[in-house]
Structure formats: structure tokens, C-alpha cells
Amino acid sequence: MDKFKLPLLGQKHPVSQPPDMSNVVDFHPRQLFVVNCPNNSYALTNVVAVSPHDFPNNIYIIIDNAYVFTTKISNELQPGSIGFNGNQRTWGGWSLNQHVNVQPFDLTRYNHGNPSYLGNIDLEINFRSKGKAVPTMFDQDELATHFLKNFDTQIFSPTQYIIFEFKNHIFDLKVRSIQSIDFSDIEPVTPISTNLSAKGILTKKTQINFFKGKDGLVNLKSSNSLRPRSDAVIRPDFKFEDLGVGGLDAEFTKIFRRAFASRIFPPAIIEKLGISHVKGLLLYGPPGTGKTLIARKIGTMLNAKEPKIVNGPEILSKYVGSSEENIRNLFKDAEAEYKQKGEESSLHIIIFDELDSVFKSRGSRGDGTGVGDNVVNQLLAKMDGVDQLNNILVIGMTNRKDLIDSALLRPGRFEVQVEIHLPDEKGRVQILEIQTKKMRQNNMIDKDVNLKELASLTKNFSGAEIEGLVKSASSFAINKTVNIGKASTKLNPKDIANLKVTRSDFLNALQEVTPAFGISEEDLKSCVEGGIIRYSEKIDSILKNGDRYVRQVKESEKSRLVSLLIHGPSGSGKTALSAAIALNSQFPFIRLISPNDISGMSEAAKITFIDNTFRDAYKSPLNILVIDSIETLVDWVPIGPRFSNNILQVLKVALKRKPPQDRRLLIMTTTTNRTVLQQMDILSCFDNEIAVPNITTIDEFNNIMIDTKFLDDQNRVKVLNEMSKIIPHFNIGIKKVLTNIETAKHDDDPTNEIIELMAQSL
């Protein structure tokens, strides 16, 4: 941020003249011991007291090659000593009678021939004694004028502590950041620096900005409408990467733009725009993606009151009215300060974890107490009721945004809603870099570990699961150094010294840690254990069509949702073909819904399971759902109560519901009773249908025997000749054929056994 006044840039010399260092010849360091400064005249002007035998008056000196001050001679100091005030000693970490290295300092030499002056300096201000704090409003322009009068031409650095007197009040100042300027340069403005090594001379043209310190007790005002807010919530040295949360750059940009950008602007500009600050921020998304971590870390980027962190269920109480009072108490401090200070009030942050556990839609609990509804009403009133507060930010987190009362999601309440999604490959690289940072710094990770490779192998891993992966890999590495014997566990010191986490450790960990929202490979692979047997061109055509629909979902700008019905006789291979198409797609999210998953569940539990699975399928960019035997899922039976209408209606809605704008979903549904689905009026929910036939020719059966390596050529011909006589018309599912072949393999006479089994199957 360029805070310096442009007319100054063309000047060749600063208005204020720094001490003349040209007469200083001896720049060699000498050792002096630390004492107290002689009196307040030294303490309040930020100079250091020196003996005239050691240094001349009014020159720059540098202590321990880092801390720069201006000298003022004192005859009260004995030679070999140097007098600091308390703040100066705190800054340098010195104690009384400690020896320090002192030498004259030339800023021109330090900056390689370029003298640096302060274009801008940001200062935090606190009362030196909290007990002497007053509610008086202090004008920033008057403070800046007095600061310049006291410290003109002195050198300042970030992190520096200063004692400052103004109108009989004593303050502690801390240099938050500086922006240096070189008058001899064509483009003299440098970036804002918070590093101790940055140094600049205070001049009459330096812009001096005051900001409230952490205690927030100093009330500041300004007649200059362009002066930055005195209570700007974002630290100037803040960087998103400092949070240690990877893969969320776009989300943080949105959070900053919507929730914080207006709070760092001058209040007069915001008033001219006629807007109020955002009061609510909702973070939602799958578990483990970093919502709670973001909320915990967000306090580190803010100069605000200590956030109040509340776990949702803690709000509720068994006593009448107590739950509502707990909500009111959270806002009490913000209300009191806003009444006293108005727009100059500090920002108060309230963080709700597990928001959906307390603030569910009103009327949905059915407990008869009405407590849940009253709690929702109380929060609604506090966030954007009759008595509006403009000094609060409520941050809520949830895995189930759909459960939260809709009134809380409108503008004025939780109006900024940011989905914290599963990280993409670039984000996973960032998270892996964060999680392995100490390993890499301490040379505990082997050279064969490639973080980009690991990122490509961890599709649909959340941040928490990547952290678990790193821990698991570490445990495999540690285990290699442990020699577990019968009597005791022994550690080999030599192995411990050579311990490194290797690529093989991470590959082992990938077998142990699996993503909750990834591919349910075990279920899918069990459907295609024997592989896909391409016994006919019809099978090749089905697989080709399936791949085409996969490409359509992946590449088409208009097809966010494609729903297929795969129908055919029982045992014809519908589920296996669907699973093969899904696994070949390489989509990050593939899930199978089968009757096995919901067997024994109540109707309500089945509906919840189906609904949750579909919601999970919207959390990844590319998703495939395989719904196996849909007629069984809806509890269809040929006699008695025919099916569950409630489950059917849920499936109808889910099959037609398009995923969010940046998500894509392919649904493959299998059935052996297409006519039943027609009667249920669900066929219209599918975009296309794929028919899977039985084996209908002797040649197709022969191809299966060849693929499974069943019998030699002579016996296979014998089987075909016999079967063509007794089975004139083939119509049998591949599942039954494969079962018969496997049974015949274990018979003493497999040739005659397969003929008999096939005849029985028709």
C-alpha cells in the first residue's frame, strides 16, 4: 500500500536533516555495559545516554549489529556504560549490567550508498498502565505532530518499542511496519516491511499512522478521511500461507474480499458508500477439509478482540431461558462497546463450531420444547435485529448447510457462504508441503519422495486425511528401526540416526489411509473380480457407449448430469459392466449404492443413506454413482405391499437434481425389471438406456470358455457339438455360465459336467 504523498517523491533532499556522520572516523565496535537512562528526558525522547568519553552527541549507533539509536551525552554516566529506558531494553532483550557491542552507524553505508527515509510508519499504541486508561478520544493528526516533534531525524525499525508522552498521558508504542523512501531514486517507494533489518529516518514528510494495540483501550479519531482505520483488523504483515492451511487460496481471497476488505478501508469512505460490514461468515463442506482449522487460525491474521469460540451443543441448557441467555451473553461485550464508541469500536468475533447441531430449521426438531426454535430466533435478533451491531463477525462452520434455518442464510446474517471443498492436485501439493515441512527442514525425508507424485495419488483426500497419511508414513519409517523381540522392544541407535521417511513408506501408508469421499474400490472391484469377458461385440459396444457418456460428463459444458438405466435379465452382467465403466473413468469420486448397504435399515434410515450418498457425490468435481438393482432399493416385491413410495420419490428427485455449477455427475442405475420401473413412472428420470443381453449363441459360449481357459480344444469342440444338439436356443446369463464353468473345473469329468450343468440351467 503506497501511503506516501506523491509530491515528496521528486525532492532531492528531505525536509529534516539527519545527524552528520561524516566526522565519525572510528566505526569499530566496542563493549559497553547496560545501565538505566539518567532521567525521563532521555526516556521520553527515545535516545540512549552515553558518556562523552565514549561517543559524541547526536550520532547514530547500532547495538549488537541490529538495533539503531541516537546518542545523547550525559556526564552522569561513567565511561564504558550505556543508558537505556525500559522499552529499549525490552526491544533488545538486554538486562542491566549486560555487555553489548556498540559502534557508530551509517545508514548510507548500510543501504549501499542509498540513504533511506521513512515515507510511512505504522505504530501500535497502548496505555503504558491499563489502570490509567481513559475514554478520551485522541486525534491521530495531533499524535503524529507530537511524535514528529519528539523523534524527528531518529532511525526506526519494525518491532521497535518506544515510550511516548502526550497531554500528560504515557503510552507504549510499537513500530508495526515501515515503508522506506530514497529521494535519489526515480521510483523511490519500497514495499512495506515488518522486518527488523529494515531501517529509515523519520522526516517531517513521513506519514505517521496510529493503530489500536491489542488491549484496544486507546480511542483514536482522525479528521483526515483518507487516513487508515485505527483498528484495522488485518495485520499488515499477514500472509495467507502463514495460516498453515493449504489448497484454499481462492476461498481465502473470497473471505478477505467479502468479510474484511471493508474493515481496513477508512471509515469515511465506507460511510460514503452507504454500506455496512458483513456480520456473518459460513464455512461449509466435507469433514476434514479445514473449516475448524481456518476459524482457529483466523484470529492470528486479525487485530481484534480475542475470538469467542463456542461448540454448538454448549449453548443448549436444560433450564428454561438459559439457552437464549447464553446467546445474549456472547454479544454483550460487543453491544457495550458499540454503545460507547460506535463505529470506532473494535471487531468482536464469535466462532460457532458444528452450527447445524443447534441452529436447525425451526419446527424440524419435534421435541415439543421449542428451545431449539427460540435459540435460532435469539441469534437472528442479535445478528440483524432491531438493534443492529456493526462491530461483530460471526463465523459458523458446518458439514450440513442444508440443515440450517434458512433465515440465518440471508444477507445481513450468514451472507458470506464459502464452501471449503476437497483440495485439487495443486492444493494437495501445498498441504503436503505444510505437513512435511519439519521433515524437510530436518533432512528426515528421503530424496525419492516426490510430493507432486503423492498429490496425484491422493485424489479426494481431505486436508485431515493427508495429515493422517503423513503420520502413517512416519509410523512405517519408525517401525523399520524397532526390533520387537520376545522379551523386550529394542531400538538400534544407528538406525535411529539414519531414520528417513521414504517413498515406500508413503506407498504403504496409501494402503492404510483411504479417503472418505474417494472411490469405494473394494465394493466396485468385487463386482468385476474376474474381469470383463468380451465374449461378443455387444459387450464391446456397451463398454464403448459407457466410455462415451463418461467423456460427455467430463467434457461437455451443458451435461453436468447424465443418468443411465442399464437393464437386462438377471445375471447378465449389468453391475459388472457398470462397475468397469466407472473404474475405467478415473473419476475421483465413484460410489456404489447396493441393496447390501441398506439391508435391515428402516425406511427413514434408507432415505437418509441415499440422500447423504448423493450429497457426497456433489463434493468432488467429477463423480459417478452406480445404483444397483433399483427395484430392490425401493422394496419392490411381486406380491403384497408392492414398494416404498417414499424411497421411490427420493430417488426420483435425486436422479433429476443437477449438481452444483462446477460439479459433474454420471449416474448408472441397473435393473432386471424395466417394466416395473415403467409402472412406477421412473423411466422419465433417465437420459438414456443401455440393454445388456444374455448369452444367445454357441459361439459366445465358446468365447467364454476360451477366455477362462476351460478345457483344451478337443474337449471344447466335444462340448459345443453336444450342446448344439440338446440346447437349440441359447439364453443364459454370463454369471450362471461362469458359475457352471467354475463348478465343472472341480469335477472328475469336467467335459460331461459342463454339458449337464448348462442343460440344467436352461
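Because the structure is predicted, anything quoted here is derived from the model rather than measured.

Participant: Would you explain the overall build of the protein in this entry?
Facilitator: Helix and strand content of the protein: 27 helices and 26 strands. Of the contacts made within the protein by residues no fewer than 6 positions apart, 77% connect residues no fewer than 24 positions apart. Approximately 36,700 Å² of the protein is accessible, and the part contributed by carbon and sulfur atoms is 49%.

Participant: So what exactly am I meant to see when it comes to helix α7 (residues 291-298) here?
Facilitator: Every α-helix carries 3.6 residues per turn, so stepping three or four residues along brings you back to the same face. For α7, every residue scored as buried is listed here: Lys291, Ile294, Ala295 and Ile298. Seen end-on, α7 carries its buried residues on one side only, within an arc spanning 95 degrees. Residues of α7 that are buried make contact with α5 (249-264), β15 (280-284), β17 (348-353) and β18 (392-398).

Participant: Where do I start with the sheet that holds strand β25 (residues 664-671) in this structure?
Facilitator: Adjacent strands of a sheet pair through backbone hydrogen bonds, lying either parallel or antiparallel. Spatial strand order, β23-β24-β25-β22-β26: five strands in an open sheet with parallel pairing. Strand pairing shows two members of the sheet lacking a second neighbour, β23 (589-593) and β26 (688-691), which therefore form its edges. The average undirected angle you get between the axes of adjacent strands in this sheet is 20 degrees. Relative to β25, strand β22 (residues 561-567) runs parallel, the two sharing seven bridges. For isoleucine 566, the partnering residue across the bridge sits in β25 and is threonine 670. Together, β23, β24 (622-627) and β25 form the strand contacts of helix α20 (residues 603-616), whose direction differs from that of β23 by roughly 165 degrees.

Participant: Sorry if this is basic, but what is going on with the pairing of strand β7 (residues 117-127) here?
Facilitator: Within a regular strand, side chains alternate between the sheet's two faces. With eleven of eleven residues buried, β7 lies mostly within the body of the structure. Of the pairings in the sheet, the one linking β7 to strand β11 (residues 169-181) comprises ten bridges and is antiparallel in character. Along β11, the bridge assignment pairs isoleucine 125 with leucine 173. Bridge count between β7 and strand β13 (residues 207-212): six bridges; the pairing is parallel. Pairing of aspartate 122 across the sheet is with asparagine 209, part of β13.

Participant: How should I be thinking about unusual backbone geometry in this particular structure?
Facilitator: Across residues other than glycine, the phi torsion is negative in most instances, and most of the peptide bonds are trans. One non-glycine residue, glutamine 586, lies in positive phi territory at about 65 degrees. Topologically, glutamine 586 is positioned in the loop between α18 (574-584) and β23.

Participant: What is the right way to look at a negative patch on the surface in this model?
Facilitator: Taken together, the side chains of Asp747, Asp748, Asp749 and Glu756 make up a negatively charged region of the molecular surface. Topologically, aspartate 748 is positioned in the loop between α26 (734-745) and α27 (750-761).

Participant: Even after reading the chapter, I still don't get helix α4 (residues 140-151), so can you show me in this structure?
Facilitator: In a regular helix each residue adds 1.5 Å, so twelve residues correspond to 16 Å; α4 covers 16 Å between its end C-alpha atoms and thus fits that length. Gln140, Leu143, Ala144, Phe147, Leu148 and Phe151 are the residues of α4 that are buried. Down the axis, α4 shows its buried residues gathered within 135 degrees of arc, on one side only. Turned more than 90 degrees away from the buried face of α4, the exposed residues are Thr145 and Lys149. With a side-chain oxygen lying 2.8 Å from the backbone nitrogen of aspartate 141, the N-terminal cap of α4 falls on aspartate 139. In the stretch just after α4, threonine 153 is the one whose phi turns positive, near 75 degrees.

Participant: Can you help me understand the environment of histidine 53 in this one?
Facilitator: As for its placement among the helices and strands, histidine 53 is situated in the loop between β2 (48-50) and β3 (60-63). Histidine 53 gets classed as exposed once you look at its relative accessible area, which sits at 64%. C-alpha separation for the pair histidine 53 and serine 74, spaced 21 residues apart in sequence, amounts to 10.0 Å.

Participant: Help me out: how do you make sense of the pairing of strand β1 (residues 30-36) in this one?
Facilitator: For β1 and strand β6 (residues 99-104), the ladder comprises four bridges, and the chain directions are antiparallel. Note that in β6 the partner of glutamine 31 across the bridge is asparagine 101.

Participant: Would you mind showing me how to read the packing of helix α24 (residues 698-707) against helix α25 (residues 713-726) here?
Facilitator: It is at 11 Å that the axes of α24 and α25 come closest, and there the two elements cross at 155 degrees. As far as their axial angle goes, α25 and α24 are roughly antiparallel. For α24 against α25, the interelement crossing comes out right-handed. Side by side, α24 and α25 meet where Ile698, Phe701, Asn702, Met705 and Ile706 of the first sit next to Arg716, Val719, Leu720 and Met723 of the second. Broken down by class, the residue content of the contact of α24 with α25 amounts to seven nonpolar, one polar and one charged.

Participant: Whenever I open this one, the sheet that holds β3 confuses me. Can you help?
Facilitator: Judged by pairing direction, the barrel is mixed, and its six strands sit side by side in the order β1-β5-β2-β4-β3-β6 before closing back on the first. Here the strands of the sheet are splayed against their neighbours by 45 degrees on average, with no regard to which way each runs. With four bridges joining them, β1 and strand β5 (residues 81-84) adopt parallel strand pairing. In the sheet register, valine 35 faces β5, and the bridge partner there is glycine 83.

Participant: How should I be thinking about the packing of α20 against helix α22 (residues 645-656) in this particular structure?
Facilitator: Each pair of packed helices can be described by the angle between their axes along with the distance between the axes. For the pair α20 and α22, the least separation of the axes is 10 Å and the interaxial angle reads 10 degrees. Judged by the angle between their axes, α20 and α22 are roughly parallel. Residues Glu603, Lys606, Ile607, Ile610 and Phe614 of α20 pack against Asn646, Ile647, Val650, Leu651 and Ala654 of α22. Here the contact of α20 with α22 is built from residues that sort into seven nonpolar, one polar and two charged.

Participant: What is the right way to look at the side chain of glutamate 631 in this model?
Facilitator: As for its placement among the helices and strands, glutamate 631 is situated in helix α21 (residues 630-633). Lysine 574 provides the closest opposite charge to the buried, unpaired glutamate 631, separated from it by 7.1 Å. At 3.0 Å, the side chain of glutamate 631 and the side chain of threonine 672 are in polar contact. What glutamate 631 contacts, discounting residues up to four positions off in sequence, is Trp636, Thr670, Thr671, Thr672 and Asn673.

Participant: Explain the pattern of salt bridges to me, please; I cannot follow it from the model alone.
Facilitator: Pairing between side chains of opposite charge can happen when the charged atoms of each approach one another. Tallied over the entire structure, the rule returns 21 salt bridges. Taking the shortest distance from any N to any O, the salt bridge between aspartate 172 and arginine 128 comes out at 2.5 Å. Of this pair, aspartate 172 sits in strand β11 while arginine 128 sits in the loop between β7 and β8 (137-139); the two residues are 44 residues apart in sequence, bridging distant segments of the chain. Classification of aspartate 172 by relative accessible area gives partly exposed; the value is 21%. Relative accessible area serves as the criterion here: at 38%, arginine 128 is assigned to the partly exposed category. One salt bridge connects glutamate 689 with arginine 674, and the closest N-O pair in it is separated by 2.7 Å. Of this pair, glutamate 689 sits in strand β26 while arginine 674 sits in helix α23 (residues 674-679), placing them 15 residues apart in sequence. Judged by relative accessible area, glutamate 689 falls into the partly exposed class, the value being 34%. The class for arginine 674 is partly exposed, based on a relative accessible area of 30%. Each member of the salt-bridge network shares a partner with another, and the members are Arg400, Asp402, Asp611, Arg615 and Arg657.

Participant: Help me understand the side chain of serine 472, please; the structure alone is not making it clear to me.
Facilitator: Positionally, serine 472 belongs in helix α13 (residues 463-479). In this view, serine 472 contacts Ala509, Glu512 and Val513; residues no more than four positions away in its chain are not counted.

Participant: Got a minute to help me understand the nonpolar core in this structure?
Facilitator: Burial of nonpolar side chains together is a common tendency in soluble globular proteins. If you look at the biggest cluster of nonpolar residues, it comprises 48 residues, and the most contacted ones within it are Ile624, Leu666, Met668, Phe701, Ile754 and Met758. Two domains each donate at least three residues to this core, and these are domain 5 (521-691) and domain 6 (698-760). Not counting residues up to four positions away in its chain, the partners in contact with phenylalanine 701 are Ile695, Val719, Leu720, Met723, Phe730, Val737, Ile754 and Met758. Phe589, Leu625, Ile647 and Ala654 belong to the second largest nonpolar core, which has 31 residues in total.

Cut-offs used in this document
- Residues numbered from 1 in each chain as written.
- Predicted model: local features only at pLDDT ≥ 70, side-chain atom pairs only at ≥ 80, totals over all residues.
- Heavy atoms only, no water.
- Helix = DSSP H or I, 4+ residues; strand = E, 2+ residues; numbered from the N terminus.
- Contact = heavy atoms within 4.5 Å.
- Areas by Shrake-Rupley, 256 points an atom, 1.4 Å probe, with all protein chains shown as cover.
- Buried < 20%, exposed > 50% of the residue type's maximum accessible area, 1.4 Å probe, protein only.
- Arc of directions from axis to C-beta.
- Pairing = 2+ DSSP bridges.
- Axes fitted to C-alpha atoms, helices over the stretch in contact; angles between N-to-C directions.
- Patch = residues over 30% accessible without salt bridge, like charges linked within 9 Å, V, L, I, M, F, W, Y side chains within 5 Å.
- Salt bridge = Lys/Arg side-chain N within 4 Å of Asp/Glu carboxyl O.
- Lys, Arg positive; Asp, Glu negative; His and termini not counted.
- Charge placed at Lys NZ, Arg CZ, Asp CG, Glu CD.
- Expected span 1.5 Å × (residues − 1).
- Polar contact = N/O pair within 3.5 Å; in protein donor to acceptor, adjacent residues only side chain to side chain.
- Parallel < 35°, antiparallel > 145°, perpendicular 65-115°, else oblique.
- Left-handed = near helix turned anticlockwise from the far one by under 90°.
- Nonpolar A, V, L, I, M, F, W, Y, C, P; charged D, E, K, R; others polar.
- Core = buried A, V, L, I, M, F, W, Y, C linked by side-chain atoms within 4.5 Å.
- Domains from an automatic or database assignment.

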